[in-house]
Amino acid sequence: MKARGLFITIEGIDGAGKGTQIDHICSYMETEGIELILLREPGGTSIGEQIRGILLGQNNAEMKAMTELLLFAAARAQLVREVIEPALAEGKWILCDRFFDSTLAYQAGGRGLDRDMVQQSILLATGGLEPDLTLYLDLDPDVASERRARREESLGNEADRIEREDMIFKRAVRAEYLRLAAELERIVTIDAGGDPLSVWYEIQQTLTPLVQKHRGGK
Ligand code: T5A
């Protein structure tokens, strides 16, 4: 029987630099000869991508917090069963751009939904699956907003429904991430305030022992 794969997630407030670091992680894994499945939440399946369109659509401003919670859970339930569990059982490595820590940070922290209820929705969606490692990119929301504004200016893309939330929301999201990171050993906090290469250097320090262990186990 094949050894179970590894499930890595990356988290942070909007504009923390996840996308930038995901590119580095993918190149690194390729160089190391590790096949990595890259997924995102919400999304990662045909059904999940359709739900993503509803969740992030700028025209859905009337969406209630409970609707939002259940749609994130629905997309996740599909992703876990259709892709993540089968891939891990085959020994594959997965990198997922956001997972259930986002729900705790945004829907419990940001929206103020009851944490126990949010946890229940997560358990229903995941069946108890948890990441082996979570890279949390910590960044001041003001700095993240500046970065995103610069990107929007240069690329001309507009903020999605959740990115349009105010700074109070964003600070509450970050506070919840910090609370989770202080509580859970699987979460490694990365200072995302430096330049992209110094942030990558910090992430690489965390990934290298895992890659070496994987090699040793082969
Ligand atoms: N959500 C999601 C919930 O509310 N609940 C949930 O359960 C889940 C799963 C998804 C949205 O859904 C919410 C959270 C989100 O609001 P998303 O697809 O994850 O959205 O998108 P964002 O997090 O908004 O991703 P962004 O692309 O906006 O941000 P990234 O990927 O964190 O940042 P990135 O790499 O694109 O960088 C942003 C800009 O900064 C520059 C980049 O070049 C880019 O221009 N940059 C840096 N500049 C200076 N120094 C650095 N170190 C930099 N790193 C990047």
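To start, this report covers the structure provided alongside it. No experiment lies behind these values; they were computed from the predicted model shown.

For the rest of this paragraph, the subject is the pairing of strand 4 (residues 133-138). Counting buried positions along strand 4 yields 6 of 6 residues, so the element is predominantly enclosed. Taking every second residue as pointing to the same face, both faces of strand 4 are buried, with Leu133, Leu135 and Leu137 on one and Thr134, Tyr136 and Asp138 on the other. Bridge count between strand 1 (residues 6-12) and strand 4: 5 bridges; the pairing is parallel. Directly across from isoleucine 10, in strand 4, lies its bridge partner leucine 135.

So, on to the sheet that holds strand 1. One open sheet accounts for 5 strands, arranged 2-3-1-4-5; its pairing is parallel. The two strands at the open ends of the sheet, each matched to only one other strand, are strand 2 (36-40) and strand 5 (187-191). Strand-to-strand, the axes of this sheet are offset by a mean angle of 20°, without reference to chain direction. Its contacts with the sheet place helix 7 (residues 167-183) against strand 1, strand 4 and strand 5, and it is angled at close to 140° to strand 4.

As a further point, take helix 3 (residues 65-89). Helix length check: helix 3, at 25 residues, gives a terminal C-alpha distance of 34 Å against a target of 36 Å (1.5 Å per residue), a fit within 8%. Of all the bends found along helix 3, the most pronounced is centred on valine 80 and spans about 45°. Immediately beyond the C-terminal end of helix 3, within one or two residues, lies glycine 91, with a positive phi of roughly 85°.

So, on to the site of the ligand. Lining the immediate surroundings of the ligand are 25 residues, of which Asp14, Thr20, Arg52, Arg98 and Arg151 lie closest. A distance of 2.9 Å separates a nitrogen atom of the ligand from a polar atom in the backbone of glycine 194. The contact in question runs from a nitrogen atom of the ligand to an N or O atom on the backbone of proline 196, over 3.3 Å. Notes on the ligand: free accessible area 1,000 Å², of which the protein chains cover 84%.

Moving on: the side chain of aspartate 97. Along the polypeptide, aspartate 97 turns up in strand 3 (residues 93-97). Residues within four places of aspartate 97 in sequence aside, it is in contact with Ile10, Lys18, Ile22, Leu39, Arg40 and Glu41.

Moving on, we come to the packing of aromatic side chains. The relative placement of two aromatic rings is captured by the distance of their centres and the angle of their planes. Taken as a whole, this structure holds 6 aromatic pairs when the rule is applied. Ring geometry for phenylalanine 99 against phenylalanine 100: centres 5.4 Å apart, planes inclined by 45°, an arrangement best described as tilted. The pair phenylalanine 99 / phenylalanine 100 is uniform in exposure class, with both members buried. A ring pair is formed by tyrosine 106 and phenylalanine 169, whose centres lie 6.0 Å apart and whose planes are at 55°; its orientation type is tilted. Highlighted residues: tyrosine 106 in helix 4 (residues 100-110) and phenylalanine 169 in helix 7, separated in sequence by 63 residues. Chaining the aromatic ring pairs together yields one cluster made of Tyr106, Tyr136, Phe169 and Tyr177. The ring of phenylalanine 99 has arginine 76 sitting right over it, with the charged end atom 5.5 Å from the ring centre.

On to the pattern of salt bridges, then. Tallied over the full model, the rule gives 17 salt bridges. A salt bridge links arginine 174 to aspartate 138, with the nearest nitrogen and oxygen atoms 2.9 Å apart. Here aspartate 138 lies in strand 4 and arginine 174 lies in helix 7, a separation of 36 residues in the sequence. What makes arginine 174 partly exposed here is its relative accessible area of 22%. Put simply, arginine 148 and glutamate 163 hold a salt bridge, and the shortest N to O gap is 3.8 Å. Of this pair, arginine 148 sits in helix 6 (residues 141-155) while glutamate 163 sits in the loop between helix 6 and helix 7, and the two are 15 residues apart along the sequence.

A few words on unusual backbone geometry. The step from glutamate 41 to proline 42 runs through a cis peptide bond, and the omega angle for that step is -10°. By the element assignment, proline 42 lies in the loop between strand 2 and helix 2 (46-56). A positive phi angle is found at arginine 98, which is not glycine, with a value near 80°. For arginine 98, the location among the structural elements is in the loop between strand 3 and helix 4.

Cut-offs used in this document
- Residues numbered from 1 in each chain as written.
- Predicted model: local features only at pLDDT ≥ 70, side-chain atom pairs only at ≥ 80, totals over all residues.
- Heavy atoms only, no water.
- Buried < 20%, exposed > 50% of the residue type's maximum accessible area, 1.4 Å probe, protein only.
- Helix = DSSP H or I, 4+ residues; strand = E, 2+ residues; numbered from the N terminus.
- Pairing = 2+ DSSP bridges.
- Axes fitted to C-alpha atoms, helices over the stretch in contact; angles between N-to-C directions.
- Contact = heavy atoms within 4.5 Å.
- Expected span 1.5 Å × (residues − 1).
- Bend = angle between axes of the 7 residues up to and from the residue.
- Near = heavy atom within 4 Å.
- Polar contact = N/O pair within 3.5 Å; in protein donor to acceptor, adjacent residues only side chain to side chain.
- Areas by Shrake-Rupley, 256 points an atom, 1.4 Å probe, with all protein chains shown as cover.
- Phe/Tyr/Trp six-rings, centres within 6.5 Å; stacked < 30°, edge-to-face > 60°.
- Lys NZ or Arg CZ within 6 Å of the ring centre and 35° of its normal.
- Salt bridge = Lys/Arg side-chain N within 4 Å of Asp/Glu carboxyl O.

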